[in-house]
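Here is what each chain is made of, one letter per residue.
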Amino acid sequence: MKTAIDHYQNKLSFEMDPSDLFGALEAGEQAAAMQKRMLAAVETIPGVTAAAYAGRIPLNAGWSENTVFTDSTTDYRSSNAAAHPMDYSVSPGYFHAAGTTLLQGRDFTWDDKQGAPRAAVVNREFARALFGSEANAIDSSFKFGDGTRVRVVGVVEDGKYKTLSEEPQPAMFLSMLQSPSTWTWMIVRANHNAEDLAPVLEQTLRSLDEGLPLTINTWDKELGTALLPARAASIALGVLGGLGAMLSITGIFGMAAYSVSKRLRELGVRVALGAQRKEVLMAALGRAFKLLAFGSAVGLVVGILASRVLAFIVYQATPRDPLVLAGVVVSMALLGLLATWIPARRAMSVDPMILLREE
């Protein structure tokens, strides 16, 4: 059994092998009764606000797709499929525990069991793909490839199922009591800190079955596989940004230093003729400042044009954010000032008498 804890929402998920979970219990009603006992025990823990089961959880390895057809379809060839939604098997209360908003209809109940009409809760994208709208989906039916009819009892918001950067895609949730799963996760939501909740939860579950295997991990760790590409991309972009900043400082410093060294005599003459410090500084470094401003503007434009690529690599990243744009401008200004500081000091310390003697 595997457990994950979210430090922000304090959600825990347990992955259980039914052979370990139920022992000699028979499937069906006895298994459901044991599941209800475990949920009831967990819900008595102070601070726990919701608990439910799921055959698998989104953004975790092991996702699967199904093939569905409209209710009027009689030819179940793949070419006639209406959609290929993500497929999840959940218990009553899952959407509350997982923080998924129910938009239309109802959640599953313990009456949605084997022998009862097949029921499903679908997401908004599924409802639009098969029925045209969320309202039309309620009490409508669709079919699986074997001809089994399933009635839609609820519609939930869209979510992320495979990766964080994916486009909205259809998903359906079936009653776990009607679609037994090889592996079972328990999702627990609480308003306690995860570190405080974990030992109490373990003690509660072991009181029902001392031999129950149990491992507790943070929710972030459970989502590590899904977050790995975004984290790796963020680190790589950060390193590249740091290297780019170093190259910028080196290039601006070299250009400014070269410009000052080639114009020392001219600067000396300007000082001798009574030029102000500001005029000397602009004469020495005006070209460097202009190139810095031009390069910054070009970089901002390229960053905005590449926003789609950036958002695909790093989840929810966008250079159009005013804070990001302001940060880039300020950073480039600071880098430019840092790179021109030493050449600027040299330009301001020009002594025309020394230059005239050398001449």
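In case you missed it, the structure is sitting above this.
About the cut-offs
Residues numbered from 1 in each chain as written. Predicted model: local features only at pLDDT ≥ 70, side-chain atom pairs only at ≥ 80, totals over all residues. Heavy atoms only, no water. Phe/Tyr/Trp six-rings, centres within 6.5 Å; stacked < 30°, edge-to-face > 60°. Helix = DSSP H or I, 4+ residues; strand = E, 2+ residues; numbered from the N terminus. Patch = residues over 30% accessible without salt bridge, like charges linked within 9 Å, V, L, I, M, F, W, Y side chains within 5 Å. Areas by Shrake-Rupley, 256 points an atom, 1.4 Å probe, with all protein chains shown as cover. Salt bridge = Lys/Arg side-chain N within 4 Å of Asp/Glu carboxyl O. Buried < 20%, exposed > 50% of the residue type's maximum accessible area, 1.4 Å probe, protein only. Arc of directions from axis to C-beta. Contact = heavy atoms within 4.5 Å. Expected span 1.5 Å × (residues − 1). Core = buried A, V, L, I, M, F, W, Y, C linked by side-chain atoms within 4.5 Å. Pairing = 2+ DSSP bridges.

Caption draft 1: Spatial organisation of the packing of aromatic side chains. Evaluated as defined, the whole model comprises ten aromatic pairs. Measuring from ring centre to ring centre gives 6.0 Å for tyrosine 94 and phenylalanine 173, while their planes differ by 35°; the resulting arrangement is tilted. In this pair, tyrosine 94 is assigned in helix α3 (residues 94-98) and phenylalanine 173 in strand β10 (residues 171-175), connecting sequence segments 79 residues apart. Three or more aromatic residues link up through ring pairs in this structure, and these residues are Tyr88, Tyr94, Phe95, Phe108, Tyr161 and Phe173.

Caption draft 2: Spatial organisation of a nonpolar patch on the surface. A grouping of Ile235, Leu237, Val239, Leu240, Leu243 and Met246 is seen on the molecular surface, where their side chains present a nonpolar patch of about 590 Å² in accessible area. Positionally, valine 239 belongs in helix α8 (residues 224-262).

Caption draft 3: Quick look at helix α4 (residues 124-131). Taken together, the buried positions of α4 are occupied by Phe126, Ala127, Leu130 and Phe131. Along the axis of α4, the buried residues cluster in a sector spanning 100°; they form a single face. Its buried side turned inward, α4 meets β4 (68-70), β7 (119-123), α5 (134-137), β8 (141-144), β9 (149-156) and β10. Glycine 132 sits one or two residues past α4 and shows a positive phi near 90°.

Caption draft 4: Inspection of helix α6 (residues 194-208) at higher detail. Taking 1.5 Å as the rise per residue, α6 with 15 residues should run 21 Å; its terminal C-alpha atoms sit 21 Å apart, in good agreement. Taken residue by residue, α6 has Ala194, Leu197, Ala198, Leu201, Thr204 and Leu205 as its buried positions. Relative to the axis of α6, the buried residues are bounded by an arc of 140° and lie together on one face. In this structure, α6 carries Asp196, Gln203 and Ser207 as exposed residues pointing more than 90 degrees from its buried face.

Caption draft 5: Inspection of the nonpolar core at higher detail. The biggest cluster of nonpolar side chains holds 21 residues, and the ones touching the most others in it are Val90, Tyr94, Phe95, Phe108, Val121 and Phe173. Here the element with the most residues in this core is α3; it accounts for four residues. If sequence neighbours within four positions are ignored, tyrosine 94 has contacts with Ala52, Tyr53, Ala54, Pro58, Asp107, Phe173 and Ile187.

Caption draft 6: Highlighting the pairing of β9. The buried count for β9 comes to six of eight residues, which makes it a mostly enclosed element. Two elements, strand β6 (residues 102-105) and β9, share three bridges in a ladder whose sense is antiparallel. Bridge pairing in β9 places glycine 105 opposite glycine 154. Relative to β9, β7 runs parallel, the two sharing five bridges.

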